[in-house]
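Structural overview for review
For reference, the chains in residue letters:
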Amino acid sequence: SENGEERIHDGGSICGFDSLHRLLQSSLPPHIFEEVSRLLLGLNCGKRLGTISIPQPAKALALEHDFDLQAFRFEADEESVRDARLVRVGLIQNSIALPTTASVADQKHAIFQKLAPIINAAAAFGVNILCLQEAWMMPFAFCTREKKKWCEFAEPVINGESTKFLQGFAEKHNMVIISPILERDVKHGDVIWNTAVVIGNHGNLIGKHRKNHIPRVGDFNESTYYMEGNTGHPVFETAYGKIGVSICYDRHHPLNWLAFGLNGAEIVFNPSATVGELSEPMWPIEARNAAIANGYFVCSVNRVGTEVFPNPFTSGDGKPQHADFGHFYGSSHVSAPDSSCTPSLSRYRDGLLISDLDLNLCRQLKDKWGFRMTARYEIYADLLTRYIESDFEPQIITDPLINRGSS
């Protein structure tokens, strides 16, 4: 909680704090907290990150529906040639709305009802681009490796139930919406993909991107459901900027981040579903590193809660079977190319994070550090070309005295 006291998540097995930022704020003297925030959030004494006034309608919705609501503003230097390029983004993290034993139709409709007021709160802020979490319209059942029932959540992009639901909000509120779903590709024999649908601010479909890398890590053996994506690294030019979508496990692959940057992304969204024991220490690092290295903003979204399934399953690690696979720790946040980032949303509660981004900051940091100018892509390309060949030999130079002993 905000005063640093412990709270128990829904599963009852993990005690913890609501967020690291709030824990430190409640525990440290103000002047020490300011310095710690500078180091942890990359803030230059608050120069690059301000707060946004919360509209009363959004505040009322947050209180009524009990979701965390935070709003921040990144700043860029004023330029003499270009006007500021301000974009307001919103990130939604949420737990499931009904037990996993409920029918597919009931679970999906309950999620729709749960998210509607949070989307309306984003609209009250005048959000330009809104991103939901990975597979937002269903429990993250991929850990179970059961096909029956869970595949029923898959739906086509065009005229799919979740697409139509969000198109109404996009058109009404003039916002781009990123909707990560389980896609059923009916034109290719009902193949299933993990897909992010990009809905334009007029309710139109701009395009889609499919998850590039499929995890095979313990419970996250998702190749049972879908294979590696085939859409490359598309960057969608929207009314509010050029955006990419790097889905969940894709964030562990630096070249995946690089590819979106090479294609011109100004904001890359990372809708995710990941649990504490697996990845929480990595969560605040990877996105910030990608933003710094590639000169764009990164918006990281993770679900919350513990999802319990009807049939226990094992991870193949010798441990007893279990009906859940851990606590989704939320902690959604935004990272900027100057190394600053927002405090994260709650580790336990549904939440909406609002951030104002000045896209001019992307070019300003590229000019400052010159990573694109100093990179040696021709060397990397040569190595990668050789690496994918079956007769590849690593470039290792061995000390001729290594096996002759210390004498």
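The structure presented is a predicted model; accordingly, all values stated were derived computationally and were not measured.

So, about the overall build of the protein chain. Helix and strand counts for the protein chain stand at eleven helices and 19 strands. Relative to the globule expectation of 22 Å for 407 residues, the C-alpha radius of gyration of the protein chain, 22 Å, shows essentially globular dimensions. On the principal axes, the C-alpha backbone points of the protein chain span a range of 75 × 55 × 45 Å. Pairs at least 24 apart in sequence give 70% of the contacts found in the protein chain among residues at least 6 apart. Averaged over its 38 positive side-chain charges, the protein chain has a centre that lies 2 Å from the centre of its 48 negative ones.

Here the focus is the environment of Arg 363. The topology assignment puts Arg 363 in helix 9 (residues 360-369). Among the residues examined, Arg 363 registers a relative accessible area of 46% and is labelled partly exposed. Taking the C-alpha atoms as reference, Arg 363 lies 8.6 Å from Tyr 296; in sequence the two are 67 residues apart.

A separate point is the pairing of strand 9 (residues 205-210). Inspection of the sheet shows strand 8 (residues 191-199) paired to strand 9 by five bridges, in the antiparallel sense. Paired with Ala 196 across the two strands is His 209, which belongs to strand 9.

Moving on to the sheet that holds strand 18 (residues 333-335). Hydrogen bonds along the backbone pair up the strands of a sheet, which may run parallel or antiparallel. The sheet built from five strands is open, its strands ordered 12-13-14-15-18 with mixed pairing. Of all strands in the sheet, those bounded by a partner on one side alone are strand 12 (236-238) and strand 18. The sheet shows a mean angle of 25° between the axes of neighbouring strands, taken without regard to direction. For strand 12 and strand 13 (residues 241-245), the ladder comprises three bridges, and the chain directions are antiparallel. Of the residues in strand 13, the one forming a bridge with Thr 238 is Gly 241. With respect to the sheet, helix 6 (residues 254-262) is in contact with strand 13, strand 14 (267-272) and strand 15 (297-302), its orientation differing from that of strand 14 by roughly 145°. Contacts from helix 8 (residues 283-294) reach strand 14, strand 15 and strand 18 within the one sheet, and its direction differs from that of strand 15 by about 155°.

A separate point is the pattern of salt bridges. Within this structure, the stated rule accounts for 23 salt bridges. When the shortest N-O distance is used, the salt bridge between Arg 22 and Asp 18 registers 2.4 Å. This pair shows no difference in class: Arg 22 is buried, exactly as Asp 18 is. Residue Arg 216 is joined to Glu 228 by a salt bridge in which the shortest nitrogen-to-oxygen separation is 3.3 Å. Taken as a pair, Arg 216 in strand 10 (residues 216-217) and Glu 228 in the loop between strand 11 (220-221) and strand 12 lie far apart in primary sequence, twelve residues in all. A relative accessible area of 47% means that Arg 216 is categorised as partly exposed. Judged by relative accessible area, Glu 228 falls into the partly exposed class, the value being 32%. A network of salt bridges, in which partner residues are shared, links Glu 183, Asp 185, Lys 208 and Arg 210.

This part covers the packing of aromatic side chains. This model, assessed by the stated rule, comprises 18 aromatic pairs. An aromatic cluster is defined as three or more aromatic residues linked by ring pairs; in this entry it consists of Phe 140, Phe 142, Tyr 225, Tyr 226, Phe 325 and Phe 328. Geometry around Phe 328 places Arg 303 over its ring, the cationic atom sitting 5.6 Å from the centre. A cation over a ring is seen here: Arg 347 above Phe 17, with NZ or CZ 4.7 Å from the ring centre.

This next bit is on a nonpolar patch on the surface. Taken together, the side chains of Leu 255, Ile 379, Tyr 380 and Leu 384 present a nonpolar region at the surface, about 380 Å² in accessible area. For the nonpolar patch, the element with the most residues is helix 11 (residues 377-387), which contributes three residues.

A word on the nonpolar core. Residues Leu 130, Trp 136 and Leu 352 are the most contacted members of the largest nonpolar core, which totals 58 residues. Of all the secondary structure elements, the ones that give two or more residues to this core are helix 3 (56-65), strand 4 (68-74), helix 4 (104-124), helix 5 (161-173), strand 7 (176-185), strand 8 and strand 19 (351-358). Tallying contributions element by element places helix 4 first for this core, with ten residues. Apart from the residues lying within four places of it in its own chain, the contact partners of Leu 130 are Gly 90, Leu 91, Ile 92, Ile 119, Ala 122, Met 175, Val 176, Ile 177, Ile 178 and Leu 352.

So, on to the sheet that holds strand 8. With respect to topology, eight strands assemble into an open sheet ordered 3-4-19-5-6-7-8-9, the strand pairing being mixed. Sheet topology places strand 3 (49-51) and strand 9 at the edges, where each strand pairs with a single neighbour. Here the average twist between neighbouring strands, direction ignored, is 30°. Where strand 7 lies against strand 8, nine bridges are found, and the strand directions are antiparallel. From the neighbouring strand, Ile 178 faces strand 8, where its bridge partner is Val 198.

Structurally, Leu 49 can be placed in strand 3. Its relative accessible area of 12% is what places Leu 49 among the buried residues. Those residues in contact with Leu 49, other than ones at most four positions away along the chain, are Leu 43, Phe 72, Arg 73, Phe 74, Cys 341, Thr 342 and Pro 343.

Of note in the backbone geometry, Asp 190 takes a positive phi value of approximately 65° without being a glycine. In this fold, Asp 190 is placed in the loop between strand 7 and strand 8. Using a relative accessible area of 41% as the deciding quantity, one classes Asp 190 as partly exposed. Phi at Ser 331 is positive, roughly 65°, even though this residue is not glycine. Relative to the helices and strands, Ser 331 resides in the loop between strand 17 (328-329) and strand 18.

Cut-offs used in this document
- Residues numbered from 1 in each chain as written.
- Predicted model: local features only at pLDDT ≥ 70, side-chain atom pairs only at ≥ 80, totals over all residues.
- Heavy atoms only, no water.
- Helix = DSSP H or I, 4+ residues; strand = E, 2+ residues; numbered from the N terminus.
- Rg over C-alpha atoms; globule rule 2.2 N^0.38 Å.
- Contact = heavy atoms within 4.5 Å.
- Lys, Arg positive; Asp, Glu negative; His and termini not counted.
- Charge placed at Lys NZ, Arg CZ, Asp CG, Glu CD.
- Buried < 20%, exposed > 50% of the residue type's maximum accessible area, 1.4 Å probe, protein only.
- Pairing = 2+ DSSP bridges.
- Axes fitted to C-alpha atoms, helices over the stretch in contact; angles between N-to-C directions.
- Salt bridge = Lys/Arg side-chain N within 4 Å of Asp/Glu carboxyl O.
- Phe/Tyr/Trp six-rings, centres within 6.5 Å; stacked < 30°, edge-to-face > 60°.
- Lys NZ or Arg CZ within 6 Å of the ring centre and 35° of its normal.
- Patch = residues over 30% accessible without salt bridge, like charges linked within 9 Å, V, L, I, M, F, W, Y side chains within 5 Å.
- Areas by Shrake-Rupley, 256 points an atom, 1.4 Å probe, with all protein chains shown as cover.
- Core = buried A, V, L, I, M, F, W, Y, C linked by side-chain atoms within 4.5 Å.

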